[in-house]
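Residues per chain are reported as follows:
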Amino acid sequence: MASVTLLRTKGLSRQFGGLKAVNDVNFAIREGEIRALIGPNGAGKTTFVSLLSGRIAPSAGSIEFLGNDITARPAHKRVRDGIAYTFQITSIYPMLSVFDNVALSAQSALQRSPGAKPAVIAAKAKEALEHVGLSDRLRDRAGTMSYGHQRLLEVAMGLALEPKLLILDEPTQGLSDGEIENFCRLVKEISRSATVLLIEHNMPVVMKLADTITVLNHGEILAEGSPENIRANAAVQAAYLGTG
Amino acid sequence: MTASRTMRVIALHVAVLAALFLVQFVLPDYHYLAMTRVMVLAIYAMGYNMLFGYTGLLSLGHAMFFAAGLYGAGMTAYYTDLGVPLAFLIGICCGALLSLIIGLVALRTTGVAFMIVTMMFGQVAYLTITYFTDYTRGEEGLTMPASARNFDFLGLHVDLTNAVLRYNLALALLAITLFVILILVRGPMGRVLIAIRENEPRTLMLGFDTFRTKLGALVVSGTISAMAGAAYGLLFAYIGASFASIQYSIEALLFTLLGGAGTVLGPLLGSILMFYMIDIASEYTAAYLLVTGVALVLLVLFFPKGILGTIRERWLPWLP
């Protein structure tokens, strides 16, 4: 195991009043892996990735990204560091063209090199759209596309950010079987250049994609391991099926 | 394709400015002065549009920025002998500073709260002006002294009572504003502003510092509005508290809505139309505000995006 730890949390917690949504989570993700985060509804998955992306602040604990403490770093700076987050509920610019949606991401990725040429931004945006198979829809208004295509557009926006860590919050929700298959292929492809953290309810997708699975329950890590181990884990079965 | 589009955009705006330049040779005296005023008010509306039309932040206190320029320049010209050009610059700086301070506070809110906070600050500005009546003469206002009407600048004699000079100064300021805004909104900053208007949480999670961008938009907007105010006070030789009243804040909003929020030329078109609509209606009836009201109701019903906004949506998608 020579691979580098990309992100690590220590004692990460978030309370909402009396509810411990995320409680003392020690979590680490290696560079290049596809990690699935699963757990029953209300287990704290979305809260956990929101803490990672900086959308909400932790009550306690710390987050390290590539060896730097980013606990206090604002969300937009974490994006520039390389943590990209796609929303659970599709969040695009419905009134803008497909191209403009992705061009914004590309522009953000190039923020550190001021005066980036419009042509460079355009090229990057087109590359990302080609990746997800939307390059024939450049001029379409994003809001007029089908739901499945809007999800793909979101992924393209994530890709154009050139992230080191791409967090996908329930990406296959609402997609048809055919679209899901296509999506799995896409995630595999993305994982060659970025680490992927995936929140997912669709078990066949998780089993197919994930290198490692982390199971969250009541805001705590219940189990972690390979798909085979998790499938056989009695505690996980109990949490999901409510027995024991 | 992008290059030809840019050419088209530049050609359109140059044509509009050329038309405004040429129309001065045929305008009768009354309309000559009226158009001078309209152009200055259009600059104000264009400043307003930066914030409302492009960034999606509705301010109900923009008259304070107009007044900051008006009083910053007017009081300097009235009480000091720094000269008109310097007074003009001071007016602009007052607006820039005020918008920075207001922005740091007001941008902590969004939506309706932002409207209320800006309206409150606008009222504070208005009341401050009337509170210091000893210096500002409140509603009665101040008339610029002769030294601010006739002066020498860089060896040139400037006579601000000369209508031709005033018209062309207003036009020059309008042209500068137009191109500054055009460059801003078509550039990377404009793209982020529109992104904030369309979906702010997503824009933040794309790695843009939305607070700073909004603050930048507000300062640009406030500074342009202040420039209009400074020009208004110095060109027409009068400053008064009524320019800081809420009515002037609403006016910028109406001009922008009529012409088309989020279009570069919309506020100019809106200013011209609204000014003449009120002007013509008031010849026939004292209830001219009713005419404006009906026009606005029709506008909201049939052209909710304003005149140029509707034209862009239906026929000219390249319009900036």
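Source: prediction; values computed, not measured. (Residues numbered from 1 in each chain as written. Chains lettered and ligands numbered in written order. Predicted model: local features only at pLDDT ≥ 70, side-chain atom pairs only at ≥ 80, totals over all residues.)

(A) View of the overall build of chain B. Secondary structure assignment for chain B yields 14 helices and four strands. By the compact-globule yardstick of 20 Å for 320 residues, chain B fits well, its C-alpha radius of gyration being 19 Å. With respect to the three principal axes, the spread of C-alpha positions in chain B is 55 × 45 × 45 Å. Counted over contacts in chain B with a minimum sequence separation of 6, partners at least 24 positions apart contribute 78%. (Helix = DSSP H or I, 4+ residues; strand = E, 2+ residues; numbered from the N terminus. Rg over C-alpha atoms; globule rule 2.2 N^0.38 Å. Contact = placed C-beta atoms within 7 Å.)

(B) Region of the structure containing the overall build of chain A. Secondary structure summary: chain A contains nine helices and 10 strands in total. The C-alpha atoms of chain A give 18 Å as radius of gyration, which agrees with the globular expectation for 244 residues (18 Å, within 12%). For the C-alpha atoms alone, the extent of chain A along its principal axes is close to 55 × 40 × 40 Å. Across the 244 residues of chain A, 43% fall into the buried class. Within chain A, residue pairs in contact and separated by at least 24 positions form 66% of the contacts whose partners lie at least 6 positions apart. (Buried ≥ 20, exposed ≤ 12 C-beta atoms within 10 Å, placed from the backbone.)

(C) Expanded view of the interface of chain A and chain B. The interface of chain A with chain B comprises 18 residues on the first partner and 13 residues on the second. Listed by contribution, the elements that provide at least two residues to the side of chain A that touches chain B are helix H2 (75-81) and helix H3 (98-109) of chain A. Looking at side-chain class alone, the side of chain A that touches chain B contains 10 nonpolar, seven polar and one charged residues. (Nonpolar A, V, L, I, M, F, W, Y, C, P; charged D, E, K, R; others polar.)

(D) Molecular detail of the environment of Ala42 of chain B. Residues and elements named next belong to chain B. Within the fold, Ala42 resides in helix H2 (residues 29-54). Ala42 sits in the buried class, given 29 other C-beta atoms within 10 Å. Spatially, the C-alpha atoms of Ala42 and Met227 are 11 Å apart, while their sequence positions differ by 185 residues. Other than its neighbours up to four places away in sequence, Ala42 contacts Leu174, Pro267, Leu268 and Ser271.

(E) Main features of the sheet that holds strand S2 (residues 19-30) of chain A. Residues and elements named next belong to chain A. The four strands are arranged S2-S1-S4-S5 in an open sheet whose pairing can be described as antiparallel. Each having just a single partner strand, S2 and strand S5 (68-69) make up the two edges of the open sheet. Alignment of strand S1 (residues 5-16) against S2, held across eight bridges, turns out to be antiparallel. In the sheet register, Arg14 faces S2, and the bridge partner there is Val22. (Pairing = 2+ DSSP bridges.)

(F) Representation of the sheet that holds strand S6 (residues 83-86) of chain A. All names here are of chain A. One open sheet accounts for six strands, arranged S6-S7-S8-S3-S9-S10; its pairing is mixed. At either end of the open sheet lies a strand with only one pairing partner, and these are S6 and strand S10 (220-225). Recorded for the sheet is a direction-independent mean angle of 20° between the axes of neighbouring strands. In this sheet, strand S8 (residues 195-199) lies alongside strand S7 (residues 165-169) in parallel orientation, the contact comprising five bridges. Paired with Asp169 across the two strands is Ile199, which belongs to S8. Each of strand S3 (34-38), S6, S7, S8 and strand S9 (212-217) touches helix H1 (residues 45-53); the most contacted strand, S7, lies at about 150° to it. (Axes fitted to C-alpha atoms, helices over the stretch in contact; angles between N-to-C directions.)

(G) Representation of the confidence of the model for chain A within the structure. Averaged over chain A, the pLDDT score is 87; the fraction of residues at 70 or greater is 95%. Here helix H9 (residues 234-241) of chain A stands out as the element of chain A with the lowest mean pLDDT, 78, in contrast to S8 of chain A, whose mean of 93 is the highest. (pLDDT = per-residue confidence, 0-100.)

(H) Structural context of the nonpolar core. In this structure, Val102 and Ala156 of chain A together with Ile43, Ala67 and Leu234 of chain B are the most contacted members of the largest nonpolar core, which totals 162 residues. If you tally residues by element for this core, the top one is H2 of chain B, at 15 residues. The residue makeup of this core includes at least three contributed by each of domain 1 (1-82 + 163-177 + 189-244) and domain 2 (91-162) of chain A. Each residue touching Ala67 of chain B, except ones within four places of it in the same chain, is listed here: Ala125, Ile129, Gly229, Phe243 and Ala244 of chain B. (Core = buried A, V, L, I, M, F, W, Y, C linked by C-beta atoms within 7 Å. Domains from an automatic or database assignment.)

(I) Representation of helix H7 (residues 163-186) of chain B. With 24 residues, H7 of chain B extends 34 Å between its outermost C-alpha atoms, agreeing within 8% with the 34 Å of an ideal straight helix rising 1.5 Å per residue. Listed in full, the buried residues belonging to H7 of chain B are Arg166, Tyr167, Ala170, Leu173, Leu174, Thr177, Leu178, Ile181 and Val185 of chain B. (Expected span 1.5 Å × (residues − 1).)

(J) Broad picture of the domain arrangement of chain A. All names here are of chain A. As far as domains go, chain A holds domain 1 (1-82 + 163-177 + 189-244) and domain 2 (91-162). For domain 1 and domain 2, the distance between their C-alpha centres works out to 26 Å. On the domain 2 side, the residues contacting the nine residues of domain 1 number 11 residues.

(K) Representation of the environment of Phe255 of chain B in the model. All names here are of chain B. Within the secondary structure, Phe255 is located in helix H11 (residues 246-259). For the pair Phe255 and Val105, spaced 150 residues apart in sequence, the C-alpha separation works out to 26 Å. Setting aside its immediate chain neighbours within four residues, Phe255 contacts Ala45, Pro267, Gly270, Ser271 and Met274.

(L) Examining the confidence of the model for chain B more closely. For chain B, mean pLDDT is 90; residues scoring 70 or higher make up 99% of the total. Interface confidence for the predicted complex, given as ipTM, is 0.83, next to a pTM of 0.87.

(M) View of the environment of Ile250 of chain B. In this fold, Ile250 of chain B is placed in helix H11. Taking the C-alpha atoms as reference points, Ile250 of chain B and Ser59 of chain B, separated by 191 residues in sequence, lie 9.0 Å from one another.

(N) A look at the pairing of S9 of chain A. Residue and element names in this part refer to chain A. The pairing of S3 with S9 spans four bridges and is parallel. Looking at S9, one finds that Arg35 is bridged to Thr212. Two strands pair when backbone bridges link them, and S9 and S10 are joined in this way by five bridges, in the antiparallel orientation. In the sheet register, Val215 faces S10, and the bridge partner there is Ala223. Linking S9 to S10, which pair antiparallel, is a turn of two residues; within it His218 sits at a positive phi near 50°.

(O) Seen up close, helix H4 (residues 118-132) of chain A. Residues and elements named next belong to chain A. Between its first and last C-alpha, H4 extends 22 Å over 15 residues, near the 21 Å set by a 1.5 Å rise per residue. Within H4, the full set of buried residues consists of Ile121, Lys124, Ala125, Ala128, Leu129 and Val132. Looking straight down H4, one finds that the buried residues subtend no more than 135° of arc, so they occupy a single side. Counted as exposed and oriented over 90 degrees from the buried face of H4: Ala119, Ala123 and Glu130. Of the surrounding elements, those touching the buried residues of H4 are H3, helix H5 (147-160) and helix H6 (177-190). (Arc of directions from axis to C-beta.)

(P) How the structure looks around unusual backbone geometry. You will see that Glu162 of chain A, though not glycine, has its phi angle at about 50°, which is positive. Mapped onto the elements, Glu162 of chain A comes out in the loop between H5 and S7. Residue Ala237 of chain B is not a glycine yet carries a positive backbone phi of 60°. Relative to the elements of secondary structure, Ala237 of chain B occurs in the loop between helix H10 (210-236) and strand S4 (238-239). Residue classification places Ala237 of chain B among the partly exposed residues on the basis of 18 C-beta atoms within 10 Å.

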